[in-house]
Amino acid sequence: MAPSSTLPYITSHIYTVYLLFSTTLHLFLQIFLSLLSLPATLNTHLLHNGARYLEEHYHTPNAFALITGATDGIGRAFALELAERGWNIILHGRTQARIKPLLEHLRQKYPRQTFLPLPIDAANVRAGGISQALQELVPGVCVTLLINNAGALPPVRAFSGLSDEEVIDNVAVNVTFGALVVKALMNGWFGRRACVLGMGSVGAVMTLPGTPTYSGSKSFTRKFYACLRTQLSSPHPAFATPASSSPSTQLEILPILVGGVRTKMTPISEDGNIFFLTPQAFARHALAKVGLGREVYGYFWHEVQMWCITIWPEEGGMRGWVNKAMMRGVEKLRAEGWRRLSDGARMVDGRLVERGDGH
Ligand SMILES: NC(=O)c1ccc[n+]([C@@H]2O[C@H](COP(=O)([O-])OP(=O)(O)OC[C@H]3O[C@@H](n4cnc5c(N)ncnc54)[C@H](OP(=O)(O)O)[C@@H]3O)[C@@H](O)[C@H]2O)c1
């Protein structure tokens, strides 16, 4: 019988051999499964014609798209892209003043379309506030595309260093507001066929160390859309919808997982990195997914990035190591971008523009 001091030594060796074996098997199975799902991935990113689906199914006469957080970044890019495609748009932003520049630009460029402002501070929304604001804006408006995009990242610092208000506001913007917008529209504003394009984040898939409330709230969003989709496809009496949300409404729930996009949230200016694209390019990629009706990555290379992390098993620490290694470089670039923003630079259409640079 082995002396008791050698027992932990033997056990740790057995555990190491087990880890090596299980990790190899796990990787092998993951790669095999990925190969099996390759046709679906190719269909998602290459073959599916979401732009045509959007036009044929949702772009009906007098219909509106509602974009939350339309004043900057990806939301603004969605607004510019949809306006170019002839849509009427309700532009949500925190105040009239924040919405005004985009509203005026769109009204001037596309005088035959309708653009309406919906000013609501998402960190401060109250019960019934969204329905009331929609009612006051245009009674009976028919929304066939909701781009639930508003989101915020609190300052990246130690969690204990955030103020209570920063924590409350972040959860309100990323969680409560988005859920209430969907609910308000389901209770009377959606057209017969409508699509909810919900902006999620890879923060719900990987672990972003500096942002517990952001990643946590994006995990909520991910589950929220998954449950909603299941609920809508399971006509159980317990899920009966109020009379006002017409039972004949066919709602497509399309949660989009978003990786690095060059906005003030990820102020990375370097050109030529395939993993960080401009908001305009991202908006086009995301709209190309309409019709798929399930959670998808908006952009192929974001899916590849997450694949490199998620093929590793949780146990053994490899996933955490790959996650950390990938984030180290990104966080360095982001920190440099935030420093330049605080020095007066701005993100304009995916580029960091220094103060006084003529934009
Ligand atoms: N960029 C990325 O790398 C990335 C990665 C993963 C996920 N996402 C997600 O993509 C979505 C868009 O992000 P983005 O990169 O475009 O960020 P952004 O440039 O900061 O834009 C966010 C939008 O949300 C609005 N917003 C924030 N707080 C608000 C509040 N309290 N009330 C009303 N509106 C508010 C912003 O308004 P203001 O202009 O007034 O601030 C802006 O219009 C978010 O849901 C984000 O989580 C982005």
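This one's a predicted model, so the numbers in the text were calculated from it and none came from an experiment.

1. A short note on the nonpolar core
Thinking step 1. With 78 residues, the main nonpolar core has Ala79, Ile89, Leu91, Val143, Leu146 and Leu197 as its most contacted residues.
Thinking step 2. Not counting residues within four places of it along the chain, the set of residues in contact with Leu91 comprises Ile67, Ala70, Ala79, Ile99, Leu102, Leu103, Phe115, Pro117 and Leu118.

2. As for helix α9 (residues 279-287)
Thinking step 1. Within α9 the residues assigned to the buried category are Pro279, Phe282, Ala283, His285, Ala286 and Leu287.
Thinking step 2. On its buried face, α9 is in contact with α3 (50-57), α4 (73-84), β5 (190-199) and β6 (250-257).

3. A few points about unusual backbone geometry
Thinking step 1. The backbone phi angle of Asn62 is positive, close to 70°, even though this residue is not glycine.
Thinking step 2. With respect to the helices, strands and loops of the structure, Asn62 is situated in the loop between α3 and β1 (64-67).
Thinking step 3. Taking the C-beta count within 10 Å as the criterion, Asn62 has 10 such neighbours and is therefore assigned exposed.
Thinking step 4. In this structure, Asp349 is a non-glycine residue whose phi angle is positive, near 50°.
Thinking step 5. With respect to the helices and strands, Asp349 occurs in the loop between β8 (346-348) and β9 (351-353).

4. Some details on the packing of helix α7 (residues 164-186) against helix α8 (residues 212-233)
Thinking step 1. Where α7 contacts α8, the axes come no closer than 9 Å and their chain directions differ by 15°. Our classification of the angle between α7 and α8 gives roughly parallel. Once α7 is placed against α8, the crossing between them reads as right-handed. Where α7 abuts α8, its residues Val167, Asn170, Val171, Asn174, Val175, Gly178 and Ala179 lie against Thr213, Tyr214, Ser217, Lys218, Phe220, Thr221 and Phe224.

5. As for the UniProt feature "transmembrane region" (unreviewed entry) in the protein
Thinking step 1. Here, the residues flagged by UniProt with the feature "transmembrane region" (unreviewed entry) are residues 15-38.
Thinking step 2. Helix makes up 96% of residues 15-38 and strand 0%, whereas the separation of the span's terminal C-alpha atoms amounts to 34 Å.

6. So, the pairing of strand β2 (residues 88-93)
On a regular strand, one side chain projects to one face of the sheet and the next to the other, so that they alternate.
Thinking step 1. With respect to burial, β2 is a largely interior element, 6 of its 6 residues being buried.
Thinking step 2. Burial along β2 is two-sided: Asn88, Ile90 and His92 and Ile89, Leu91 and Gly93, pointing in opposite directions, are all buried.
Thinking step 3. Two strands pair when backbone bridges link them, and β1 and β2 are joined in this way by 4 bridges, in the parallel orientation. The partner of Leu66 across the bridge, within β2, is Ile90.
Thinking step 4. For the handedness criterion, the β-α-β arrangement of β1, α4 and β2 is classed as right-handed.
Thinking step 5. Two strands pair when backbone bridges link them, and β2 and strand β3 (residues 115-119) are joined in this way by 5 bridges, in the parallel orientation. Note that in β3 the partner of Gly93 across the bridge is Pro119.
Thinking step 6. Since β2 and β3 lie parallel, the crossover through helix α5 (residues 96-109) that links them has a hand, and here it is right-handed.

Conventions used here
Residues numbered from 1 in each chain as written. Predicted model: local features only at pLDDT ≥ 70, side-chain atom pairs only at ≥ 80, totals over all residues. Core = buried A, V, L, I, M, F, W, Y, C linked by C-beta atoms within 7 Å. Buried ≥ 20, exposed ≤ 12 C-beta atoms within 10 Å, placed from the backbone. Contact = placed C-beta atoms within 7 Å. Helix = DSSP H or I, 4+ residues; strand = E, 2+ residues; numbered from the N terminus. Axes fitted to C-alpha atoms, helices over the stretch in contact; angles between N-to-C directions. Parallel < 35°, antiparallel > 145°, perpendicular 65-115°, else oblique. Left-handed = near helix turned anticlockwise from the far one by under 90°. UniProt positions renumbered as here; feature names shortened; annotations may be inferred. Pairing = 2+ DSSP bridges. Right-handed = clockwise from strand over helix to strand, strands pointing away.

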